[in-house]
Amino acid sequence: DAMVIQNPRYQVTQFGKPVTLSCSQTLNHNVMYWYQQKSSQAPKLLFHYYDKDFNNEADTPDNFQSRRPNTSFCFLDIRSPGLGDAAMYLCATSRDHGTSPLHFGNGTRLTVT
Amino acid sequence: GEDVEQSLFLSVREGDSSVINCTYTDSSSTYLYWYKQEPGAGLQLLTYIFSNMDMKQDQRLTVLLNKKDKHLSLRIADTQTGDSAIYFCAESIEGSARQLTFGSGTQLTVLP
């Protein structure tokens, strides 16, 4: 059974049109992460939530926002997508910081036209 | 600072063993992980090792850790075509808010 679920698998949006990607988990993990992965590169952490505490990476553009309304769900909002934001977006969860592995969803492939 | 490095490509024949190598710089690393990513999919956790261990074996997978040299390897025995994927090593530190640091990934191609 899928434990970290991302919807949709593929998302197409227009340049400048806001888009939201969603992630849900059945693991009851404390930490939820959003990564951006471009072709042939390692995943790059955008931000994470430890419970309700939001932690932004220093180099994450302001264009990217996140919401975690409850333990199970986390959203990635891209306010004004540019062509350079086309990528695979991966959601992951872990029980705690540093002592437990990350469990990834299957990702959402974002295309910006 | 933290840095994790891997070679980019590896090709093996079906049935042979594959060895994917990784080096890291942070001596405080507590856990080291191997993830597998198939095309268009997320990252699948294959195995991980605590830094006070030298070796971990799980079916066809053997992880070796040389903490002195900060070198991690993943050996896949009897490699199959279904093993073709990108393999990422990653490291984390217990109790640290710093998140996983990933290597650049090794593309494993299994030839028939």
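Coordinates for the structure precede this section.
Reading the values: the criteria
Residues numbered from 1 in each chain as written. Chains lettered and ligands numbered in written order. Predicted model: local features only at pLDDT ≥ 70, side-chain atom pairs only at ≥ 80, totals over all residues. Heavy atoms only, no water. Pairing = 2+ DSSP bridges. Helix = DSSP H or I, 4+ residues; strand = E, 2+ residues; numbered from the N terminus. Axes fitted to C-alpha atoms, helices over the stretch in contact; angles between N-to-C directions. Core = buried A, V, L, I, M, F, W, Y, C linked by side-chain atoms within 4.5 Å. Buried < 20%, exposed > 50% of the residue type's maximum accessible area, 1.4 Å probe, protein only. Contact = heavy atoms within 4.5 Å. Buried area = accessible area lost by both parts, 1.4 Å probe. Salt bridge = Lys/Arg side-chain N within 4 Å of Asp/Glu carboxyl O. Polar contact = N/O pair within 3.5 Å; in protein donor to acceptor, adjacent residues only side chain to side chain. Nonpolar A, V, L, I, M, F, W, Y, C, P; charged D, E, K, R; others polar. Phe/Tyr/Trp six-rings, centres within 6.5 Å; stacked < 30°, edge-to-face > 60°.

1. Focus on the sheet that holds strand β6 (residues 55-58) of chain B
All names here are of chain B. Here 5 strands make up an open sheet; going across it, the order is β1-β3-β8-β7-β6 and the pairing antiparallel. Every interior strand has two partners, whereas the edge strands, β1 (4-6) and β6, have only one. On average, each strand axis in the sheet is tilted by 15 degrees relative to the strand beside it, whichever way the strands run. Across 6 bridges, the pairing between strand β3 (residues 18-24) and strand β8 (residues 71-76) is antiparallel. By the bridge assignment for β8, Ser-18 is matched with Ile-76.

2. Section: the nonpolar core
Buried together is how nonpolar side chains tend to be arranged in soluble globular proteins. Residues and elements named next belong to chain B. If you look at the biggest cluster of nonpolar residues, it comprises 19 residues, and the most contacted ones within it are Trp-34, Leu-72, Leu-74 and Tyr-87. Counting only elements with at least two residues in this core, the list comes to β3, β4 (31-37), β7 (61-66), β8, β9 (85-92) and β11 (106-111). Excluding residues within four positions of it along the chain, Leu-72 makes contact with Ile-20, Asn-21, Cys-22, Leu-32, Tyr-33, Trp-34, Ile-49, Val-63, Leu-64, Leu-65 and Cys-89.

3. Details of the environment of Thr13(A)
Residue and element names in this part refer to chain A. Among the structural elements, Thr-13 can be located in strand β2 (residues 10-13). Residue Thr-13 is classed as buried on the basis of its relative accessible area, which comes to 5%. Separated by 67 residues in the primary sequence, Thr-13 and Ser-80 have C-alpha atoms spaced 10.0 Å apart. Discounting chain neighbours no more than four positions away, the residues touching Thr-13 are Pro-18, Val-19, Pro-81, Leu-110, Thr-111, Val-112 and Thr-113.

4. Things to note about the interface of chain B and chain A
On the chain A side, the residues contacting the 22 residues of chain B number 20 residues. Of the roughly 1600 Å² buried where chain B meets chain A, counting both sides, 60% is carbon and sulfur surface. Three residues, Leu43(B), Gln99(B) and Phe102(B), lead the burial of chain B against chain A; their summed loss comes to 31% of the area buried on that side. Our enumeration of links across chain B and chain A arrives at 0 salt bridges. The interface formed by chain B and chain A includes 4 residue pairs in polar contact (both at pLDDT 80 or more). Among the secondary structure elements, those contributing two or more residues to the side of chain B that touches chain A are β4, β5 (43-50) and β9 of chain B. When residues in the side of chain B that touches chain A are grouped by element, the largest group, 4 residues, is from β4(B). Split by residue class, the side of chain B that touches chain A holds 12 nonpolar, 9 polar and 1 charged.

5. Side note on the packing of aromatic side chains
Residues and elements named next belong to chain A. What the rule picks out here adds up to 16 aromatic pairs over all chains. Plain terms: the ring middles of Phe-64 and Tyr-89 are 6.1 Å apart, the flat faces sit at 35 degrees to each other, and that makes the pair tilted. Taken together, the residues Phe-64 in strand β7 (residues 64-67) and Tyr-89 in strand β9 (residues 87-94) connect sequence positions 25 residues apart. Take Phe-64: its relative accessible area is 4%, and that puts it in the buried class.

All quantities given are derived from atomic positions and should not be read as evidence of function.
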